[in-house]
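Structural features, examined
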Amino acid sequence: MLFDLDNALVNLDEAFQVWTAEFVDEHRLGPEAVDWLIALDQAGYPHREAFFGMVREHFALPESVEELWGRYRKRMPYLVHCRPEVMDGLTLLRAAGWKVAIVTNGTADNQLGKIQQTGLVEAVDAYALSGLEGIRKPDVGLFEIAAKRCGMILADGGWMVGDHPVADIGGGRAAGLCTVWIDRGTWPDREHEVDHVVTDVLQAVEILLAEQ
């Protein structure tokens, strides 16, 4: 059982809003900057390096892109949270016999920091991070690494749960896995093949427990 991290096991959007308020206050940008930053974040999910390039240019900030991005990576692990009921769901899955792993794209320091700070490192059997492995979803290789660390192979079958239709659902299907898409309304016109559509990761946990 493979899970995406951001906006699946943890609420990245909520944490981003907190970070945005802190960033605007720190740089004295004014309240309108909050809406601009959130809109930029939602406009196609640009890579964070590109995101901070746009932010630096728009607000004429003196810090370099790497400085801005680096501070963001250090701060975000302390802003994300994994709900207790999600942690309980992972415990139930493992108790029911599932091997559970996290498969996520992102820089190693940022994503590993989130997994450690939220306590997810103890709640799963393994994880595969693109920033550590050098490959990104939807590359099947990242799914293969997660499966191997659970003592399994993709040919044994399994599930992928995530919110991104290409990285998570497309990648999961390419890996031969059944898929559960967490539809957050980000891609309203997106059509794709998926086994189940939910709006919350807890619904995915219920489906998987029923599959046992």
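Please refer to the structure placed before this passage.
Notes on the structure in this doc start here. (Residues numbered from 1 in each chain as written. Predicted model: local features only at pLDDT ≥ 70, side-chain atom pairs only at ≥ 80, totals over all residues. Heavy atoms only, no water.)

Bringing the packing of helix α5 (residues 84–95) against helix α11 (residues 201–211) into the picture now. Their axes nearest at 10 Å, the elements α5 and α11 cross at an angle of 15°. Relative to α11, the element α5 lies roughly parallel. Viewed along their axes, α5 and α11 form a crossing whose handedness is left-handed. Seen from α5, the contacting residues are E85, V86, G89, L92 and L93; seen from α11, they are V201, L202, V205, L208 and L209. (Axes fitted to C-alpha atoms, helices over the stretch in contact; angles between N-to-C directions. Helix = DSSP H or I, 4+ residues; strand = E, 2+ residues; numbered from the N terminus. Parallel < 35°, antiparallel > 145°, perpendicular 65-115°, else oblique. Left-handed = near helix turned anticlockwise from the far one by under 90°. Contact = heavy atoms within 4.5 Å.)

As a further point, take the nonpolar core. Ranked by internal contacts, the top residues of the largest apolar core, which has 52 residues, are F3 and L120. In terms of residues, this core owes the most to one element, helix α1 (residues 12–27), which gives six residues. Those residues within four positions of L120 in sequence are excluded, and the remaining contacts are L5, L9, V10, C82, M87, L90, I102 and I115. Of all hydrophobic cores here, the second largest spans 14 residues; its members include L2, L142, M160 and A175. (Core = buried A, V, L, I, M, F, W, Y, C linked by side-chain atoms within 4.5 Å. Buried < 20%, exposed > 50% of the residue type's maximum accessible area, 1.4 Å probe, protein only.)

A separate point is the pairing of strand β4 (residues 159–162). Within a regular beta strand, the side chains point alternately toward one face of the sheet and then the other, so they alternate between its two faces. Because side chains alternate across β4, one face comprises the buried residues W159 and V161, and the other comprises M160 and G162, equally buried. Sheet analysis places strand β1 (residues 2–3) next to β4, joined by two bridges and oriented parallel. When the sheet's bridge partners are listed, F3 is paired in β4 with V161. (Pairing = 2+ DSSP bridges.)

The next thing to look at is the environment of P138. Tracing the backbone through its elements, the reader meets P138 in the loop between α8 (130–133) and α9 (140–149). P138 sits in the partly exposed class, given a relative accessible area of 37%. Between the C-alpha atom of P138 and that of A175, which follows or precedes it by 37 residues, the distance is 8.9 Å. If we skip the residues at most four places from it in the chain, P138 touches F143, V166, A167 and G171.

What follows deals with the environment of V201. Residue position: V201 is located in helix α11. Along the chain, V201 and F3 lie 198 residues apart, while their C-alpha atoms are 9.1 Å from each other.

Axis separation between α1 and helix α3 (residues 48–59) bottoms out at 15 Å; the angle between their running directions is 30°. In this view, α1 runs roughly parallel relative to α3, as classed from their interaxial angle. Here α1 and α3 pass one another in a crossing that is right-handed. Between α1, through F16, W19 and F23, and α3, the contact on the second element is made entirely by R48, F51, F52 and V55. Of the residues belonging to the contact of α1 with α3, the class tally is six nonpolar, no polar and one charged. (Nonpolar A, V, L, I, M, F, W, Y, C, P; charged D, E, K, R; others polar.)

Attention shifts here to the side chain of Q111. With respect to the secondary-structure elements, Q111 resides in helix α6 (residues 108–118). Within the structure, Q111 has its side chain in polar contact with the backbone oxygen of N105 (distance 3.0 Å). Leaving out residues up to four positions away in the same chain, Q111 has contacts with L5, D6, T104, N105, G106 and L129. (Polar contact = N/O pair within 3.5 Å; in protein donor to acceptor, adjacent residues only side chain to side chain.)

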